[in-house]
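# Structure assessment
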Amino acid sequence: MTTRAGFCAIIGAPNAGKSTLTNRLVGAKVSIVTQKVQTTRFPVRGVAMAGQTQIVLVDTPGIFQPRRRLDRAMVRAAWGGTEDADAVVHLVDAASELAAATPEGKPADRRAAQDVESIVEGLKAAGRKVILALNKIDEVKRESLLALSQKLFETGVYEEVFMISAANGSGVEDLRERIAALMPEGPWLYPEDQTADLPARLLAAEITREKVYLRVHEELPYSAAVETTKFEERKDGSARIEQTIYVERESQRPIILGKGGQTLKWIGQKSREELNVIFDRPVHLFLHVQVDERWADKREFYGDIGLDYDA
């Protein structure tokens, strides 16, 4: 029986729904999803199966106007993810894109629309034809969608368009079949039951970082990172994991700790519950909070998560 395998990069503005789509295509959680933009900091590979075809999904960080070193490294990683891919899907938040053109549109909608424009320009410069996927169609009237689809198609960078809702799965199966058809013939790159190739230490840190943002997203801007400092296999089959949550200012430490340490306890409990399931064994998780105003400028932090420090 002929097998196929290849890479598909999913690019888009921050918060377009790339991680939600990756998780939906894979059928398992490989990318953290929060209501914060710029959650994905480095390309995460998820492995999706479509019959005898294996699709390795590269879920890239959002492409946006970079302002600091971490931003520049993330944008470079996102474009890098498209260079070697057999297929590229440009995911656009249709609701946000349409709102940006109205007086009611929020500043975030207008920023997202600018990011979409810069991606279109980048694709033109690269001479790359990609698949357009209009996301969040459940929030938009059909006639508006058709007009938006036409407008974007006229830029000349798209081969075809799919209308989907990554959140409820509408249209995603058709998109999966199309991506699968673009994969080259060849042996599978991963075992059939593997859903991601993220190292365990990194995946554990990502899960905890997701919980941090879910709990304190209002009070804490993008100034937290999580590092797995110890990952020990225990004789009884369990794992002991130690992690450090870095914040940039002393005033942010009490936000993570919470009254009587309750917030940190909640983060640890939720992260541990999920890691038990992901690693399929008991996990003993120990969290520490450390203030380091320069964590986002440390070279080793970039190497650990596969970003280019000198971007």
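Scroll up for the structure.
Rules used in this analysis
Residues numbered from 1 in each chain as written. Predicted model: local features only at pLDDT ≥ 70, side-chain atom pairs only at ≥ 80, totals over all residues. Heavy atoms only, no water. Helix = DSSP H or I, 4+ residues; strand = E, 2+ residues; numbered from the N terminus. Buried < 20%, exposed > 50% of the residue type's maximum accessible area, 1.4 Å probe, protein only. Axes fitted to C-alpha atoms, helices over the stretch in contact; angles between N-to-C directions. Parallel < 35°, antiparallel > 145°, perpendicular 65-115°, else oblique. Left-handed = near helix turned anticlockwise from the far one by under 90°. Contact = heavy atoms within 4.5 Å. Nonpolar A, V, L, I, M, F, W, Y, C, P; charged D, E, K, R; others polar. Pairing = 2+ DSSP bridges. Core = buried A, V, L, I, M, F, W, Y, C linked by side-chain atoms within 4.5 Å.

### Here we look at the environment of Arg234
Tracing the backbone shows Arg234 in the loop between β7 (224–233) and β8 (239–247). Since its relative accessible area comes to 36%, Arg234 is described here as partly exposed.

### Thoughts on the packing of helix α7 (residues 200–216) against helix α9 (residues 262–279)
For any two helices packed against each other, the geometry comes down to the angle between their axes and how far apart the axes lie. Relative to each other, α7 and α9 sit at 140°, their axes nearing to 9 Å. It follows that α7 is oblique to α9 by the angle criterion. The two elements α7 and α9 cross, and the hand of that crossing is right-handed. Each of Ala200, Leu203, Ala204, Ile207, Thr208, Glu210, Lys211, Val212, Leu214, Arg215 and Val216 in α7 lies in contact with α9, whose residues at this interface are Thr263, Trp266, Ile267, Lys270, Ser271, Glu274, Leu275, Ile278 and Phe279. Residues belonging to the contact of α7 with α9 are distributed by class as follows: 12 nonpolar, 3 polar and 5 charged.

### Side note on the pairing of strand β1 (residues 4–12)
Of all 9 residues in β1, 7 are buried; the element is thus mostly enclosed. When β1 meets strand β4 (residues 87–93), the two strands line up parallel, connected through 5 bridges. Across the sheet, Ile10 pairs through a bridge with Val89, a residue of β4.

### Re the packing of helix α1 (residues 18–26) against helix α6 (residues 172–181)
At a closest axis distance of 11 Å, the pairing of α1 and α6 adopts a crossing angle of 80°. What the angle tells us is that α1 and α6 run roughly perpendicular. Residue-level inspection shows Leu21, Arg24 and Leu25 of α1 in contact with α6, the latter providing Val172, Leu175 and Arg176.

### Digging into the sheet that holds β8
Within a sheet, adjacent strands bond to each other through the backbone by hydrogen bonds, running parallel or antiparallel. A sheet is described by the order of its strands in space; here 3 strands give the open sequence β7-β8-β9, paired in mixed fashion. Because the sheet does not close on itself, it has two edges, and the strands there are β7 and β9 (283–291). On average, adjacent strands in this sheet sit at an angle of 20° to one another, irrespective of strand direction. Sheet analysis places β7 next to β8, joined by 9 bridges and oriented antiparallel. Looking across to β8, one finds that Val226 is bridged to Ile245. Against the sheet, α7 contacts β7, β8 and β9, and its axis sits at roughly 135° relative to β7. The sheet strands contacting α9 are β7, β8 and β9, and the helix crosses β9 at an angle near 140°.

### A few points about the nonpolar core
Side chains of nonpolar character tend, in soluble globular proteins, to be buried together. If you look at the biggest cluster of nonpolar residues, it comprises 23 residues, and the most contacted ones within it are Cys8, Leu21, Ile55, Leu57, Ile164 and Leu175. Broken down by secondary-structure element, the contributors of at least two residues to this core are β1, α1, β2 (44–50), β3 (53–59), β4, β5 (130–135) and α6. Counting residues per element, this core draws most heavily on α6, at 4 residues. Discounting residues that sit within four places of it in the chain, Ile164 has contacts with Leu21, Leu91, Ala133, Leu134, Asn135, Lys136, Ile137, Ser170, Gly171, Val172 and Leu175.

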